[in-house]
Amino acid sequence: MKMRKLLALTASAAMAFTLSACAGGGAGSTPDPDSTGAAATSSAVGEAGAGGTVGVAMPTKTLERWIADGDAVKSQLEEAGFTVDLQFANDDIPTQSQQIDQMITQGADVLIIAAIDGTALAPQLQVAADQGIKVIAYDRLIRDSENVDFYVSFDNFKVGVAQGQSLIDGLKERGDGPFNIELFAGSLDDNNAHFFFDGAMSVLQPEIDNGTLTVVSGQTSIDQAATLGWQQEKAQKRMEDLLTAHYQDKKVDGVLSANDGLARGIITALQNNGYSGTVEDGFPVVTGQDAEIASTKLIQDGVQYSTIFKDTRLLAEQAVAAAQDLLAGEEPEANNTTDYDNGVKVVPSYLLDVVTVTQDNITEALVDTGYLTQEEIDAGVA
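Here goes a summary of the coordinates provided.

Reading guide: rules and limits
- Residues numbered from 1 in each chain as written.
- Predicted model: local features only at pLDDT ≥ 70, side-chain atom pairs only at ≥ 80, totals over all residues.
- Heavy atoms only, no water.
- Helix = DSSP H or I, 4+ residues; strand = E, 2+ residues; numbered from the N terminus.
- Contact = heavy atoms within 4.5 Å.
- Areas by Shrake-Rupley, 256 points an atom, 1.4 Å probe, with all protein chains shown as cover.
- Expected span 1.5 Å × (residues − 1).
- Buried < 20%, exposed > 50% of the residue type's maximum accessible area, 1.4 Å probe, protein only.
- Polar contact = N/O pair within 3.5 Å; in protein donor to acceptor, adjacent residues only side chain to side chain.
- Axes fitted to C-alpha atoms, helices over the stretch in contact; angles between N-to-C directions.
- Parallel < 35°, antiparallel > 145°, perpendicular 65-115°, else oblique.
- Nonpolar A, V, L, I, M, F, W, Y, C, P; charged D, E, K, R; others polar.
- Pairing = 2+ DSSP bridges.

### With respect to the overall build of the chain
Right, on to step 1. Tallying secondary structure elements over the chain gives 13 helices and 13 strands in all.
Right, on to step 2. The contacts of the chain with a sequence gap of at least 6 include a subset with a gap of at least 24, amounting to 75%.
Right, on to step 3. Summing over all exposed atoms, the chain offers an accessible surface of approximately 14,700 Å²; the carbon and sulfur share of this is 48%.

### Considering helix α9 (residues 260-272)
Right, on to step 1. Taking 1.5 Å per residue, 13 residues should reach 18 Å; α9 reaches 18 Å between its end C-alpha atoms and fits that length.
Right, on to step 2. Most of α9 sits out of view: 11 of its 13 residues are buried.
Right, on to step 3. Packing partners of the buried residues in α9 comprise β7 (179-184), α8 (232-246), β9 (254-257), β10 (285-286), α10 (293-300) and β11 (306-309).
Right, on to step 4. Measuring from the side-chain oxygen of the N-cap residue of α9 to the backbone nitrogen of G261 gives 3.3 Å; that N-cap residue is N259.
Right, on to step 5. G274 sits one or two residues past α9 and shows a positive phi near 95°.

### Here's the deal with the packing of helix α3 (residues 93-105) against helix α4 (residues 122-130)
Right, on to step 1. Two numbers describe how α3 lies on α4: the axes approach to 10 Å, and their chain directions differ by 5°. In terms of their interaxial angle, α3 and α4 are classed as roughly parallel. Within the contact between the two elements, α3 uses S97, I100, D101 and I104 and α4 uses Q124, V127 and A128.
Right, on to step 2. Each residue belonging to the contact of α3 with α4 can be placed in one class, and the counts come to four nonpolar, two polar and one charged.

### Some remarks on the environment of Q300
Right, on to step 1. Turning to its location among the elements, Q300 is positioned in helix α10.
Right, on to step 2. Owing to a relative accessible area of 24%, Q300 belongs among the partly exposed residues under this scheme.
Right, on to step 3. Considering only alpha carbons, one finds Q300 and N361, 61 residues apart in sequence, at a separation of 9.6 Å.
Right, on to step 4. If we ignore the near neighbours within four places in the chain, the residues touching Q300 are Q359, I362, Q374, I377 and D378.

### Some remarks on the sheet that holds β9
Right, on to step 1. Within the open sheet, the four strands sit side by side as β8-β7-β9-β10. Their pairing is parallel. Two strands bound the open sheet, and with one partner strand each, they are β8 (213-215) and β10.
Right, on to step 2. Taken together, the two bridges between β9 and β10 define a ladder with parallel strand orientation. Note on β10: the bridge partner recorded for G254 is V285.
Right, on to step 3. Running over the sheet, helix α5 (residues 156-172) touches β7, β8, β9 and β10 and is turned about 165° from β9.
Right, on to step 4. The strands touched by α9 within the sheet are β7, β9 and β10, with β9 carrying the most contacts at an inclination of about 155°.

This is how it looks when you write it as structure tokens:
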């Protein structure tokens, strides 16, 4: 039986997630990197696992979702018989490069990499290929290298479509418009940010063209909307600047936010500039992504309109299955072999679906599936 079938039977088993809470003033804040340890945080590598050794490189502990991803991948790999070297690079590209170098030196059989900068790892991947080490790109496509064997992710274009549609749906609950909106994209060095933005604009642009939506600032390109490093503070500052420059005599009706951290920064800026109450009361419709606990509470409280839930447990399952197949000399099962061109090759991929979460379906989507507890959501922390 293939590993994917075995894992499917155990996917509902309880797993312990060490979720880092987002705390602080206003709508919430990103955890301090110093609170998660040194720049490189590594789990201990125990006795050699029956399945081989897997190096898992995650970008940061400053976003809740990556902690959940790392824990889920490590847990499921170990359950499958692998030895795991899990490391977080705290969003520092040289640190991640060094960590991957060490994984190669220490004899990894497979590398699972969520890249900080998808264009920065070609030298490491060439060394890995020379030593017969297989490489799985995890959630973020690694670019400019032929030495990427497989890609596991969510359908990132559909993530953007879901975000854009959620913004439209939330606004149209108030009537036919027109509505004033602003756009916030992710970091340009993250390949996924482009898919998110393109997906969102595929549904927003027709509404902009017909006059239902107006981007008052005129900042409609991803270069203008991007947020370096996905930093919440930068999103808050940009939203404050937009309000000062363009909304002295206008009202913001909605904001496309590419993830929950940016959404919390945007919400804080709005609240600091006199916007109050809930979405039902007229607070701007703000989207998100990742179902972070702090933002899920904001959704429950009616302040943030939506988030996109990407179940990291299922993504970890696919990464483990791909690692097992590659080590067995088999081709992992792909459901997309056309869309993910990294600049050198089209990387075979397995893409997962996502769920739009609003106040109406928090319990069904997040609590009933065991991803979060109601107590965590009520508290806004893990």
